[in-house]
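Per-entry structural report
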Amino acid sequence: MNIDPKLAQKQAAAKAALSHIDDGIILGVGTGSTVNCLIELLPQVKIKGAVASSQVTEDKLRALGIEIFDLNQVGDLDLYIDGADEIDAAGNMIKGGGGALTREKIVAAASKQFICMVDESKIVQTLGKFPVAVEVLPQARSYAARQLVAMGGNPVYREGFVTDYGNVILDTYDLTITDAAAVEQRLNNIVGVVCNGVFAAQAAHIMLKASDAGVETVKFARL
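Below or above, wherever it landed, is the structure these notes cover. (Residues numbered from 1 in each chain as written. Predicted model: local features only at pLDDT ≥ 70, side-chain atom pairs only at ≥ 80, totals over all residues. Heavy atoms only, no water.)

Looking at the pairing of strand β2 (residues 49-52)
- Residues G49 and V51 line one face of β2 and the alternating positions A50 and A52 line the opposite face, and both faces are buried.
- The pairing of strand β1 (residues 26-29) with β2 spans four bridges and is classified as parallel. In the sheet register, V29 faces β2, and the bridge partner there is A52. (Buried < 20%, exposed > 50% of the residue type's maximum accessible area, 1.4 Å probe, protein only. Helix = DSSP H or I, 4+ residues; strand = E, 2+ residues; numbered from the N terminus. Pairing = 2+ DSSP bridges.)

Encoded structure:
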């Protein structure tokens, strides 16, 4: 049976991530198709349990018998593993295609190390081809959209979708992201915005980049 090359790369990245997971830790687990490949492999390691970045991930982990912990009860995590929609040469990312960006960013911020697993199609020179998900309080949707337009973006309401926190998402196209940290902060400063899908303040420490040639480990310098 032929396996889709992109799926094979995601599976390879997930397998490589296992070697970074120490026994007995509470693992932060992200959301998305590459993370799903990792979740399938987690019974092979001896973790104490996990903090999930979305209800979808939580349900998948519970189905495997993995204990779920509340982040408020465990404090800082040693390791968070997730994927990305885009990642640049500095480890800055766009995430949120699945709508879990706020929980993902919270768990990433509470983790000492962030490993990002990607197939080679996610590597970009400049962020922004993939739309930036902006989580917004429902009452602020129209106001926030106007502010996003003023930034040069083209916000599209994600109809029929509600986040784990009961908010809505504006998928914002055409943003110029030459300075990821500045764009992330500017988006956060819009009144009514809960969070946005630019991950610069919580950028990756390590990238596991999968291609047909194998999995390359890339370490990013962090202050």
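So that's the structure; there's more coming.
Thoughts on the packing of aromatic side chains
- For the structure shown, the criterion picks out one aromatic pair.
- Taking 5.0 Å as the distance between ring centres and 50° as the angle between the ring planes, the aromatic pair formed by Y80 and F114 counts as tilted. Here Y80, found in strand β3 (residues 80-82), pairs with F114, found in strand β6 (residues 114-119); they are 34 residues apart in sequence, far enough to count as distant.
- Just above the ring of Y157 sits the side chain of R141; from NZ or CZ to the centre is 4.0 Å. (Phe/Tyr/Trp six-rings, centres within 6.5 Å; stacked < 30°, edge-to-face > 60°. Lys NZ or Arg CZ within 6 Å of the ring centre and 35° of its normal.)

Let's talk about the sheet that holds β1
- One open sheet accounts for six strands, arranged β2-β1-β3-β6-β12-β13; its pairing is mixed. Of all strands in the sheet, those with a lone pairing partner are β2 and β13 (214-219), marking the two edges. Direction aside, the axes of adjacent strands within the sheet are offset by 25° on average.
- As paired elements, β6 and strand β12 (residues 206-211) share five bridges and run parallel to each other. Within the sheet, the bridge partner assigned to V118 lies in β12 and is K209.
- Its contacts with the sheet put helix α1 (residues 5-17) on β3, β6, β12 and β13, and the angle it makes with β6 is roughly 155°. (Axes fitted to C-alpha atoms, helices over the stretch in contact; angles between N-to-C directions. Contact = heavy atoms within 4.5 Å.)

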